Amino acid sequence: MRKPTSDERRKVGEAVHAAEAGTSGEIVTIIAERSDAYHDVGLHYAVLAALLMPLFFAAWPGLLISLVDRVSGGWGGTGARDLMLIAFVTMTLAFLGVRYGLAYMPLRLWLTPKATRRRRVRRRAIDLFKVGTEARTAGRTGILIYLSLGERMAEIVADEAIHAVVADDEWGAAMAAMIVEVREGRTADGMIAAVSRVGTLLAQHLPRADDDVNELPDRLIEL
């Protein structure tokens, strides 16, 4: 999935500016290539593959014995030492094969459970919110719209003043509008659709004050 072009980034910024015209809320938009490297997932699969090798040989012991005979040329016998050596070598090869095979990120992401991906996206969104949005406005009216391209998942995280007046389930329409566009490959359109719906919702619950000023950048941030 491609990142937005410079023209698309400009349009997202314009959408944020337009959405903020009717509310005191401050919308921040971030698109990330992915939310985590998932190195632990690759390691877990590699360890599992290695541990399955003894079970495989236990189920088909004749295969292990034939491997020993092949390596020794039929002269080495099938002693415990030879069996253990072959088992260790196959476990090592299984571990390395899976470990390096899962260096291919699309495959690693595909094998990562959806619940794990969802937790990592949520955690990254909250971390970015705390760094760049939380308590950065005078009235604590910041809100982050975060899209993680690799996982094709999004999160909306709101500051204290917004969270107090808008229930979490009210962001559902904005999230759905974004994901529909993103799944069709229209990343910028998805972000614009979410920004528009968030702006409408904020205007209802947190209308623009007379002394409101723009406190956070309108531009799309890419990570």
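Asks: Mind showing me how you'd approach the pattern of salt bridges here?
Replies: Pairing between side chains becomes possible if they bear opposite charge and their charged atoms approach one another. The final tally for this structure, using the stated rule, is 13 salt bridges. Of the charged contacts in the structure, one is a salt bridge between Glu222 and Arg9, with a shortest N-O distance of 2.9 Å. On the criterion of sequence distance, the pair formed by Glu222 in strand β4 (residues 220-222) and Arg9 in helix α1 (residues 6-19) is long-range, its members being 213 residues apart. The salt bridge partner of Arg120 is Asp40, with a shortest N-O separation of 2.8 Å. One end of the pair, Arg120, is in helix α6 (residues 114-132); the other, Asp40, is in helix α2 (residues 39-59), with 80 residues separating them in the sequence. Residue class for Arg120 comes out buried when judged on its relative accessible area of 14%. Judged by relative accessible area, which is 28%, Asp40 ranks as partly exposed.

Asks: For this particular structure, what's the right way to read the environment of Glu20?
Replies: Position of Glu20 among the secondary structure elements: in the loop between α1 and β1 (26-32). On the accessibility criterion, Glu20 (5% relative accessible area) is buried. Along the primary structure Glu20 and Arg208 are separated by 188 residues, whereas in three dimensions their C-alpha atoms are 7.9 Å apart. Ignoring anything within four residues of it in the chain, the contact list for Glu20 reads Gly25, Glu26, Ile27, Arg208, Asn214 and Asp218.

Asks: So what exactly am I meant to see when it comes to unusual backbone geometry here?
Replies: In terms of backbone geometry, most residues other than glycine have negative phi values and most peptide bonds are trans. Despite not being glycine, Tyr38 has its phi angle at roughly 55°, a positive value. Within the fold, Tyr38 resides in the loop between β1 and α2. Phi at Arg152 takes a positive value of approximately 55°, unusual for a residue other than glycine. By the secondary structure assignment, Arg152 is in the loop between β2 (142-148) and β3 (153-158).

Asks: Would you explain a nonpolar patch on the surface in this entry?
Replies: The grouping of Leu85, Phe88, Val89 and Leu93 at the surface amounts to a nonpolar patch, some 410 Å² of accessible area in total. Residue placement: Val89 occurs in helix α4 (residues 80-101). By relative accessible area, Val89 is classed as partly exposed at 36%.

Asks: What's the story with the pairing of β1 in this structure? I'm lost.
Replies: Moving residue by residue along a regular strand, the side chains alternate between the two faces of the sheet. For β1, a buried count of 7 out of 7 residues is recorded, marking the element as mostly surrounded by other parts of the structure. Burial along β1 is two-sided: Glu26, Val28, Ile30 and Ala32 facing one way and Ile27, Thr29 and Ile31 facing the other are all buried. Both β1 and β2 contribute to a ladder of 7 bridges, which runs parallel. By the bridge assignment, Ile31 is partnered in β2 with Leu147. With 3 bridges connecting them, β1 and β4 associate as parallel partners. In the sheet register, Ile30 faces β4, and the bridge partner there is Ile221.

So, how was this worked out
- Throughout, residues of each chain are indexed from 1 in the direction in which the sequence is written.
- pLDDT decides what is reported in this predicted model: residues at 70 or higher carry local features, side-chain atom pairs at 80 or more are listed and counted, and totals for whole chains, interfaces and linings draw on all residues regardless.
- The side-chain figures draw on all heavy atoms in the structure; neither hydrogens nor water molecules are used.
- Any carboxyl oxygen of Asp or Glu that lies within 4 Å of a side-chain nitrogen of Lys or Arg is treated as forming a salt bridge with it.
- In this text, helices come from DSSP runs of H or I with a minimum length of four residues, and strands from runs of E with a minimum of two, each type numbered from the N-terminal end.
- Exposed residues in this analysis have more than 50% of their type's maximum accessible area, buried residues have under 20%, and partly exposed residues fall in between, with area computed by a 1.4 Å probe over protein chains only.
- The contact criterion used throughout is that any non-hydrogen atoms of two residues lie within 4.5 Å.
- Residues enter patches when they are more than 30% accessible in relative terms and free of salt bridges; like-charged ones are connected within 9 Å and nonpolar ones (Val, Leu, Ile, Met, Phe, Trp, Tyr) within 5 Å.
- All accessibility values rest on the Shrake-Rupley procedure with a 1.4 Å probe; residue burial counts only the protein chains present in the view.
- Any two strands with at least two DSSP-identified bridges between them are counted as paired.

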